[in-house]
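A closer look at the structure
Each chain, letter by letter, is given below.
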Amino acid sequence: MKGKVLVTGGAGFIGSAVCAHLAELGATIHVLDDLSFGRRELAPVPDDRFHQVDIRDRAAVMRVFDAVRPERVLHLAAIHFIPYCNEHPAEAAEININGTINVLDACASSPGCVQVFVASTAAVYPIHDGAVNEDHVTGPLDIYGTTKLACERFASEFHLRTGIATIVGRFFNAFGPNETNPHLIPEIQQQLLSGSRTLRLGNLDPKRDFIHTHDMSRAMAALLEKCVRGHHIFNIGRGVEYSVREVVEAFERQLGERITIEVDPKRVRKVERMHLLADVSALKELTGWEPQWSIDEGVSTLLQERSTTFDERVG
Ligand SMILES: NC(=O)c1ccc[n+]([C@@H]2O[C@H](COP(=O)([O-])OP(=O)(O)OC[C@H]3O[C@@H](n4cnc5c(N)ncnc54)[C@H](O)[C@@H]3O)[C@@H](O)[C@H]2O)c1
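Here the structure is a predicted model, which means the values were calculated and not measured.

What follows deals with the overall build of the chain. For the chain, the helix and strand inventory stands at ten helices and 15 strands. Taking 315 residues into account, the globule formula puts the C-alpha radius of gyration at 20 Å, and the chain, at 19 Å, falls close to it. Buried positions account for 43% of the 315 residues belonging to the chain. Look at the contacts in the chain between residues 6 or more apart in sequence, and 79% of them connect residues 24 or more apart.

Another aspect to go through is the packing of helix α4 (residues 89–108) against helix α5 (residues 143–162). Packing of α4 against α5 brings their axes to within 10 Å, and their N-to-C directions diverge by 15°. The orientation of α4 relative to α5 falls into the category roughly parallel. Where α4 crosses over α5, the handedness of that crossing is right-handed. Only I143, Y144, T147, K148, A150, C151, F154, A155, F158, R161 and T162 of α5 make contact with α4, whose side of the interface consists of P89, A92, A93, N96, I97, T100, I101, L104 and A108. For the contact of α4 with α5, the residue count by class is 14 nonpolar, four polar and two charged.

This part is about the site of the ligand. With respect to spatial proximity, 29 residues lie near the ligand, and among them G9, G12, G38, A78 and H80 are the closest. Of all elements in the fold, only α1 (13–24), α4, β5 (115–121) and β8 (173–175) reach the threshold of two or more residues within the shell around the ligand. Broken down by element, the shell around the ligand gets its largest block of residues, three residues, from α1. Counted by class, the shell around the ligand contains 14 nonpolar, eleven polar and four charged residues.

Our next topic: the sheet that holds strand β12 (residues 231–236). Pairing is parallel in the open sheet, where seven strands are placed in the order β3-β2-β1-β4-β5-β7-β12. Each edge of the open sheet carries a strand with a single partner, namely β3 (50–51) and β12. Pairing between strand β1 (residues 4–8) and strand β4 (residues 72–75): four bridges, direction parallel. The residue of β4 that forms the bridge with T8 is H75.

The rules we used
Residues numbered from 1 in each chain as written. Predicted model: local features only at pLDDT ≥ 70, side-chain atom pairs only at ≥ 80, totals over all residues. Helix = DSSP H or I, 4+ residues; strand = E, 2+ residues; numbered from the N terminus. Rg over C-alpha atoms; globule rule 2.2 N^0.38 Å. Buried ≥ 20, exposed ≤ 12 C-beta atoms within 10 Å, placed from the backbone. Contact = placed C-beta atoms within 7 Å. Axes fitted to C-alpha atoms, helices over the stretch in contact; angles between N-to-C directions. Parallel < 35°, antiparallel > 145°, perpendicular 65-115°, else oblique. Left-handed = near helix turned anticlockwise from the far one by under 90°. Nonpolar A, V, L, I, M, F, W, Y, C, P; charged D, E, K, R; others polar. Near = placed C-beta within 6 Å. Pairing = 2+ DSSP bridges.

Next up, the structure:
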């Protein structure tokens, strides 16, 4: 992949993985990130291609686009920890909705911008027991999903207004190295690597579609390659769901040790979906993409990487 790609949120968990993958494919990456959740060292770009800017600062966003003139833009900057968004709805709307409007307007006024990818989420779907495809009715349960559904609508309006090719990726649950938010898998990791073999967790039965960030990055690159015209929405998941218990079992297998689970009432969510599973046939049919990372392979790598870090910290 040739040309300049600007990635908002490129110092974050998924953004850093996709930047590295697109750079391997030959793209020149620029990162725009305010480092509120991301870390500078995760963005795999030199300082002159790192732009520390808050997407709420419209003028600053415009200045970056003016200087960079990207051909492709991947918009991943957002706040997305669901409990935080529920507690801070105005801030979530300000960053996720108004920030997205700023980024899209900058794309519209940037000569040479031919393709935009907007990160959305499986949280735009209502509760459903089977796999959901992209035609499934939307109906977010929380503030975060509501802000992301608004982003999707702005992306569609942006395409109609500008004719620029637009892809919306509905990400399911990502896992992999460099997680920035206190989600389930890093929580389990942290408790195990602090030496505990009794995990304190919330609801144990909900199932989620966990996709490794390497597989997610490959899916995004494949979509950028194929969707050079029009407006498209794709689920990006693995198409397999695991309960919290099954994730813990994967850690047990990789550690080779028994793990006990204690339910911590403080962590139990009052409103919880039992299933969140992607139908990824549209992604597979268009691109030929197949996931390569199983939950066990992902967990195994995480334990090795984090063990080293942990050993370094204590030793
Ligand atoms: N992690 C998941 O499982 C998941 C699932 C569904 C959707 N998503 C979406 O994928 C995208 C990336 O998520 P992630 O997991 O990498 O999260 P992340 O928090 O690691 O990445 C988001 C990045 O955006 C930056 N950012 C936040 N507010 C900003 C602002 N106002 N201005 C500029 N930069 C800002 C953060 O510093 C961070 O580097 C987000 O849009 C998120 O909503 C993630």
